[in-house]
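Single-letter residue listing:
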Amino acid sequence: MRKMLVLAAALLAAAPMAASAADAMSYTYVEGGWMQQQINNPGSNPKLDGGYLRGSFAIAEQVYVFGGYSTTSKTYRLEDDIGEFRLKNTLEQPELGIGYHMPFTDRLDFTADLAWTRINNEVEFNDGVTRDSVEVHTNAGRGSLGLRGKPSRATEAWLKAGYIDGSDMDGVWIGTLGGQIKFNRNWGVVGEVQYYDDVTQYTVGVRASF
């Protein structure tokens, strides 16, 4: 986490102090791509792969709403005395929230947001004859503060720290480090790392800004 903070601070500090209107950071965008969640459990470290879709829409000069949906899964093929069977673990997570941003300079913003999220965790059993599943649903609230800036005309970086708490889970701190490389005013490639509790989440996608 300390390395993430140092890296993000260095990137944001390098941002020039002036920018044109074309360089302004957009809070209206749609993005989607690949997601992986690595879970650190005693004795195992499963990796669940899948995809995500998220978007943001500016509803006022400094206020925006956002939402997203992600799904990841991993299938285990096992065998016991009776025969072979399959276990499939699926995590689905919709999210809705509202955010606020305040400029420090033309290329550096302070950000704050609040969100509701739901974590749907399902384990499915299938041995070719019997099929059954167990589901656990967790509703949670998340709040975070951060910085978003432009180290150069074609790049962005952001850093957020927050807290998430809800039903069926203990409250934990959450940290996010991300960046974007822009091909032009509208299109770019984004990448992000998020860490909370024993979960490290990676996303790589394409963003269309408006």
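These numbers were taken from a predicted model, which means no experiment stands behind them.

Rules used throughout
Residues numbered from 1 in each chain as written. Predicted model: local features only at pLDDT ≥ 70, side-chain atom pairs only at ≥ 80, totals over all residues. Heavy atoms only, no water. Phe/Tyr/Trp six-rings, centres within 6.5 Å; stacked < 30°, edge-to-face > 60°. Lys NZ or Arg CZ within 6 Å of the ring centre and 35° of its normal. Pairing = 2+ DSSP bridges. Helix = DSSP H or I, 4+ residues; strand = E, 2+ residues; numbered from the N terminus. Axes fitted to C-alpha atoms, helices over the stretch in contact; angles between N-to-C directions. Polar contact = N/O pair within 3.5 Å; in protein donor to acceptor, adjacent residues only side chain to side chain. 1 Å grid on protein atoms, 1.4 Å probe; cavity = no way out; pocket = protein on both sides within 12 Å on 5 of 7 lines; lining within 4 Å. Points joined across faces, edges and corners; volume = space filled by probe spheres on them.

Draft legend 1. How the structure looks around the packing of aromatic side chains. Summed over the entire model, instances satisfying the criterion amount to five aromatic pairs. Taken together through their ring pairs, the aromatic side chains of Tyr27, Tyr64 and Phe66 make up a single cluster. Note that Lys74 overlies the ring of Tyr76, its terminal NZ or CZ placed 5.5 Å from the centroid. Positioned over the ring face of Tyr29 is Arg207, at 3.8 Å from the centre of the ring.

Draft legend 2. Representation of the sheet that holds strand E4 (residues 84-105). Spatially, the 10 strands close up into a barrel ordered E1-E2-E3-E4-E5-E6-E7-E8-E9-E10, and their pairing is antiparallel. The sheet shows a mean angle of 20° between the axes of neighbouring strands, taken without regard to direction. Note: strand E8 (residues 169-182) against strand E9 (residues 187-196), nine bridges, orientation antiparallel. If you follow Thr176 over to E9, its bridge partner there is Gln194.

Draft legend 3. Molecular detail of the pairing of E8. Examined bridge by bridge, strand E7 (residues 155-166) and E8 share 11 bridges and lie antiparallel to one another. Bridge pairing in E8 places Glu156 opposite Gln180. Connecting the antiparallel pair E7 and E8 is a turn made up of two residues, with Asp168 showing a positive phi of about 60°. Connecting E8 to the antiparallel partner E9 that follows it, the hairpin turn spans four residues.

Draft legend 4. Geometry of the side chain of Thr176. Position of Thr176 relative to the elements: it lies in strand E8. Among the polar contacts made by the side chain of Thr176, one reaches the side chain of Gln194 at a distance of 3.2 Å.

Draft legend 5. Local environment of empty space enclosed by the protein. Using the criterion set out here, one finds one cavity of 30 Å³ or more in the structure. There is about 690 Å³ of room inside the largest cavity. As for the largest cavity, its lining consists of 37 residues, and the residues nearest its centre are Arg54, Glu95, Arg142, Lys160 and Glu192. Looking at the lining of the largest cavity element by element, the count peaks at six residues for strand E3 (residues 63-79).

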